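# Structure at a glance
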Amino acid sequence: MTAAAANTTAAQALHRLQVVLFALLPKGGEPMTVACLAKASGATAHQVTEALFPYYLGGSLSFDVLSDSFSAPKQGSALPATPAPTTPPPTEATS
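Being a predicted model, the structure only gives us computed values, none of them experimental. (Residues numbered from 1 in each chain as written. Predicted model: local features only at pLDDT ≥ 70, side-chain atom pairs only at ≥ 80, totals over all residues. Heavy atoms only, no water.)

### Quick look at the nonpolar core
Stated formally: Definition used in this section: a nonpolar core is a set of buried Ala, Val, Leu, Ile, Met, Phe, Trp, Tyr and Cys residues joined via side-chain atoms within 4.5 Å. Each residue gets one of three labels from its accessible area relative to the maximum for its type: buried under 20%, exposed over 50%, partly exposed in between, using a 1.4 Å probe on protein chains only. For helices the rule is a DSSP run of H or I covering at least 4 residues; for strands it is a run of E covering at least 2, with both sets numbered from the N terminus onward. Contact definition: two residues touch when any of their heavy atoms are within 4.5 Å.
Leu 21, Leu 25, Leu 37, Val 48, Leu 52, Leu 61 and Phe 70 are the most contacted members of the largest nonpolar core, which has 14 residues in total. For this core, the elements supplying multiple residues, two or more each, are α1 (3-24), α2 (34-41) and α3 (45-57). Those residues in contact with Leu 21 that sit more than four places away from it in its chain are Leu 37, Ser 41, Val 48, Ala 51 and Leu 52.

Listed below in structure tokens is the structure:
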């Protein structure tokens, strides 16, 4: 295998791992430890950190050093949290 082919294979493996890790991160913004992500993805903790760190630097993810965990920004619903106010129906005038 040539060096170029090895680099392409490594880049593809890294991209596949990134896709898996993003799918594993909770959409509610809760943090997930590197160890938990590693166990769930079948990767090592070093591979998880290497795969997600560029997204942390880019601002797409948060990282907590104390708990060694990554978190994605909370994704809200497309629907409003509370119903929009409605106009009351017109009342009939009585004579």
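Next comes the rest of the write-up.
### Quick word on the packing of α2 against α3
Stated formally: Here, axes are lines fitted to C-alpha atoms. For helices the fit covers the stretch in contact, and angles between N-to-C directions go from 0 to 180 degrees. Roughly parallel refers to an angle under 35 degrees, roughly antiparallel to one over 145, roughly perpendicular to one between 65 and 115, and oblique to any angle outside these ranges. Under the scheme applied here, ten amino acids are nonpolar (Ala, Val, Leu, Ile, Met, Phe, Trp, Tyr, Cys and Pro), four are charged (Asp, Glu, Lys and Arg), and all others, including Gly, are polar.
It is the contact of α2 with α3, at a shortest axis distance of 8 Å, that shows an interaxial angle of 105 degrees. The angle between α2 and α3 falls in the class roughly perpendicular. Seen from α2, the contacting residues are Val 34, Leu 37, Ala 38 and Ser 41; seen from α3, they are Ala 45, Val 48, Thr 49 and Leu 52. Classifying every residue of the contact of α2 with α3 gives 6 nonpolar, 2 polar and no charged.

### Quick word on the packing of aromatic side chains
The line we're drawing: Pairing of aromatic rings covers Phe, Tyr and Trp, the last through its six-membered ring, and needs centres within 6.5 Å; plane angles under 30 degrees mean stacked, over 60 mean edge-to-face, and all others mean tilted.
With the rule as written, the count across this model stands at 4 aromatic pairs. Judged by centre distance (4.9 Å) and plane angle (80 degrees), the ring pair of Phe 22 and Tyr 55 falls under edge-to-face. With Phe 22 in helix α1 and Tyr 55 in helix α3, the pair connects residues that are 33 residues apart, well separated along the chain. For Phe 22, a relative accessible area of 27% translates into the label partly exposed. Residue Tyr 55 is classed as partly exposed on the basis of its relative accessible area, which comes to 29%.

### A look at the side chain of Ser 69
Keep this limit in mind: Two N or O atoms form a polar contact when they lie within 3.5 Å of each other; inside protein one atom must be a possible hydrogen donor and the other a possible acceptor, and for residues adjacent in sequence the pair counts only when both atoms belong to side chains.
Structurally, Ser 69 is set in strand β3 (residues 69-71). A polar side-chain atom of Ser 69 sits 2.6 Å from a polar atom in the side chain of Ser 67. Here Ser 69 is in contact with Pro 31, Met 32, Thr 33, Val 34, Ser 62, Phe 63 and Asp 64, once residues within four sequence places are set aside.

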